[in-house]
Amino acid sequence: MAAILEFEKPIQELENKISELRTFSKEKGIDLSNEIAILEKRAVEVRELIYSNLTAWQHVLIARHPERPNTSDYINYLFQDFIEMHGDRYYGDDPAVIGGIGRFNGRPVTVIGQLKGKDTKENLARNFGMAHPEGYRKAMRLMKQAEKFNRPVVCFIDTPGAYPGIGAEERGQFEAIARSILIMATLKVPIIAVVIGEGFSGGALGIGVGDRILMQEHSIYSVITPEGYASILWKDSTRNREAAETIRIVARDIQKLGVADKIVPEPVGGAHRDPAAAAGFLGEAIAETMEELLELAPEALLARRYEKYRSIGNLAD
Amino acid sequence: MVLEAFRKQKQTTVQPDTENRDIPDGIWIKCSRCEEILLNKDLDKNYKVCHKCGFHFRLKAAERIKMILDEGSFREIDAGILPVNPFKLADYERKLREARDKSGLNEAVVAGEGSIEGVPVITAIMDTNFMMGSMGTVVGEKITRAIEAAAAQKKPLIIFAASGGARMQEGILSLMQLAKTVEALARLSEAGQLYISVLTDPTTGGVSASFAALGDIILAEPEAMIGFTGPRVIEQTIRQKLPEGFQRAEFFEQHGFVDKIVPRSQMKETLAKLLKLHLQGEQ
Ligand SMILES: [Zn+2]
C-alpha cells in the first residue's frame, strides 16, 4: 500500500469504506455489490477530480513520493540487456548517477539518470540523487561513448540539485556541470531528457540539455527548490507552498514556457499507483520522440538543438 | 518568440542615467577586510585594491571598463534591453526597480566592443550592484549576443564574471540560460575564436556552472569567491565550518580549475599579452 498523501484522504476514506463493505458482505453473506459498485465509481471520480485540480505543492509531494518509480525502475521496465557502467575514469564512481547501455525497442541506447532511493538507507547510499562532479563526468564519458557508436542517449532527471559538499567543490562541481552542458551542446546523437520526479538547479540541467525535454505529468522542474526559494528570497522556509506556486515548476507550466516539449501522462493518482502503466506511457513517449529525432542528420539535429535553447526566453504578453 | 519580446522592448528603450553610475560614497571608506580607513581617491587610483592588505573591492562595470579597455574605445551594445518579469511577481518588480536605482544599470551585465592595447575585443562585464549579478533571461540573452558578436566579427571574447548565480525569480527560464550561453560558446569555439573568462568576486551558481567555467583561458582575481554552491549552504548541509580560504581563487588554482590569478593592477597587461599571443599573422 502506497504512503497516503494528505490530499488523498477523501479517496482513502472511500477505499476503506469499500473494503469494509466487502468484508461485511462476505461475513454475513449479504449481497452488497450494487452499493460497492457505486462507491467504487465514486472513488474513481473523486480521484480524477482531485488529480485534475492539483496545486503546485501537491505536484511536489507526488514528484517526491517515496514510492514513485525511479530511474532504476524505468530502466528495468523499458531497457533490455541493460549493463551498468561505472566510474568517470578520473576519480571515482558516483552512486547518485547511474548509466549504461541497453536496448530500447531492440535498438542499443545509452541511458543515464540520477537515482534517488526509496528509503533512508537507499537514499544515504545514493546521496539522495545529488551528484558529485564524478557523476557528471561519468555522464559525459558515456555520452561521448554513445556518440562514437552512434547510439541515442536517454537521460532521466530526478534530483533536488547537485551535491553541496567539500569534496564536490574541491573537485570542481561548477566545471563538471558546465563541461557536461557543453558536451551535450555538441553531441552528434539524439539526446532525450526526461524529468521523472524533481529536477532542480544546474544539478538537473547537468544531464538535461536534450533535443527534446519530456516531463511526466506530475514531475517538476525549476532553477531552485521551493524550500530554497522561500528561505533565500523570503528568509522563511515555511513558505514552501507559496514558493511552489510562485516559481512555476509544474510540467504544464514548463511546457507553456517553451522548455518542456511533451507531457507524458501518468496513471490517475500518480506513477506510484501503477508503475508498470507509468512505464508504458513513458516508453511510448520516448519511442515516438526517438523516431522523430533519428530521422534528422547530425547537422540538422545540432541546428535544432541550438535553436531550441537559443529561443528560450520570455513569452510576449 | 523571444526575439519579438526583445524587439518590443527595444522600442521602450530607456537610457540609464549615467551620472548616477558614480554615486559618491563619501571621501572615506573602511576596508572590509583589514578595516583600514582609506581615502576613496587613493582607492580609485589603486584599482580599488586596499593598499594595506590587498583586498580587492568589487567593481562597478563602468570602473572595470575604464581599467581594462583603451580609453574611449568602448561602445556598449544592447544597452537598452530592459529586465523582464515573466511571472509578473510584484516583489521582483520592486527589486528590479531598486537595482536600477542603485546601480544606474538596466541589467546585471554590460556588453560591448572595444580594444585592449589596440587589439579589438568583445567583452561582457557583470556587475554585482544589480541583484548580485544574477543571471535571468536578459543577462543570458546579452551574454549570448556578446558571444555571437565575437563569432560574427571574429574577435576575441573576454567575459568578467561576477554573479551569485541564476536569478531565482525567473524560474526555469533562468536555468535555461546556462544551456543557451554554453550552446553559443560551443559555436564560438568551433569557429576557433579565443575566449578568456575572468572570474571575479563572486562567481558562483549557474554562472560558474556555465560560460564562466568554459574559457580557453581562465583567469581569476585574488581571493575571488568561486564555486557552484555558496559556502553558507554547504555549511548548513554538512553542519561544519569550512576551512579558511575554501572556494577562494587560490583554492581553485591549487585544485586545477584556474589558469592564473591576476591582481587587478596587472589585469590589463596580462590580457593584452594573451590577446597578442593569439593574434594571427605578423606580430
Ligand atoms: Zn585592507
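The rules behind each value
Residues numbered from 1 in each chain as written. Chains lettered and ligands numbered in written order. Predicted model: local features only at pLDDT ≥ 70, side-chain atom pairs only at ≥ 80, totals over all residues. Heavy atoms only, no water. UniProt positions renumbered as here; feature names shortened; annotations may be inferred. Helix = DSSP H or I, 4+ residues; strand = E, 2+ residues; numbered from the N terminus. Contact = heavy atoms within 4.5 Å. Buried area = accessible area lost by both parts, 1.4 Å probe. Salt bridge = Lys/Arg side-chain N within 4 Å of Asp/Glu carboxyl O. Polar contact = N/O pair within 3.5 Å; in protein donor to acceptor, adjacent residues only side chain to side chain. Nonpolar A, V, L, I, M, F, W, Y, C, P; charged D, E, K, R; others polar. Donors = N, O, S within 2.8 Å, 3.2 Å for Na, K, Ca; no water. Tetrahedral: all angles 85-135°; square planar, octahedral: opposite > 155°, others 65-115°. Buried < 20%, exposed > 50% of the residue type's maximum accessible area, 1.4 Å probe, protein only.

As annotated in an unreviewed UniProt entry, chain B carries the name Acetyl-coenzyme A carboxylase carboxyl transferase subunit beta and comes from Pelotomaculum propionicicum. Under the UniProt heading Function (unreviewed entry), the entry covering chain B gives this text: "Component of the acetyl coenzyme A carboxylase (ACC) complex. Biotin carboxylase (BC) catalyzes the carboxylation of biotin on its carrier protein (BCCP) and then the CO(2) group is transferred by the transcarboxylase to acetyl-CoA to form malonyl-CoA." The record held by UniProt for chain B lists under Pathway (unreviewed entry) the comment "Lipid metabolism; malonyl-CoA biosynthesis; malonyl-CoA from acetyl-CoA: step 1/1."

Looking at an unreviewed UniProt entry, chain A carries the name Acetyl-coenzyme A carboxylase carboxyl transferase subunit alpha, with the source organism given as Pelotomaculum propionicicum. As its UniProt record puts it under Sequence similarities (unreviewed entry), chain A is described as follows: "Belongs to the AccA family."

**Let's talk about the UniProt feature "domain: CoA carboxyltransferase C-terminal" (unreviewed entry) in chain A**
As annotated in UniProt, the feature "domain: CoA carboxyltransferase C-terminal" (unreviewed entry) corresponds to residues 31-292 of chain A in the numbering used here. In the segment residues 31-292 of chain A, helix accounts for 47% and strand for 19%; the C-alpha atoms at its two ends are 54 Å apart.

**A closer look at the interface of chain B and chain A**
On the chain A side, the residues contacting the 58 residues of chain B number 52 residues. Regarding the contact of chain B and chain A, the summed buried area is about 4700 Å², with carbon and sulfur atoms giving 71% of it. Our count for the contact surface shared by chain B and chain A stands at two salt bridges. We note a salt bridge from Arg310 of chain A to Glu148 of chain B, for which the minimum N-O separation is 2.7 Å. Linking chain B with chain A are eight residue pairs in polar contact (both at pLDDT 80 or more). Listing elements by their share of the side of chain B that touches chain A, those giving two or more residues are α1 (2-11), α4 (90-103), α5 (137-153), α6 (171-190), β9 (226-227), α8 (231-238) and α9 (249-254) of chain B. Looking at which element gives the most residues to the side of chain B that touches chain A, the answer is α6 of chain B, with 16 residues. Its residues assigned to classes, the side of chain B that touches chain A shows 32 nonpolar, 14 polar and twelve charged.

**Section: the coordination of the zinc ion**
All names here are of chain B. Protein coordination of the zinc ion is provided by Cys31 (SG), Cys34 (SG), Cys50 (SG) and Cys53 (SG), with donor distances spanning 2.2 to 2.4 Å. Around the zinc ion, the four donor atoms are arranged such that angles at the metal cover 106 to 112°; this shape is classified as tetrahedral. All donors to the zinc ion come from one chain, and their sequence spacing reads C-x2-C-x15-C-x2-C. One end of the pair, Cys31, is in the loop between β1 (28-30) and β2 (37-39); the other, Cys50, is in the loop between α2 (40-45) and α3 (61-68), and 19 residues separate them in sequence. Here the two residues Cys31 and Cys50 agree in accessibility, since each one is buried.

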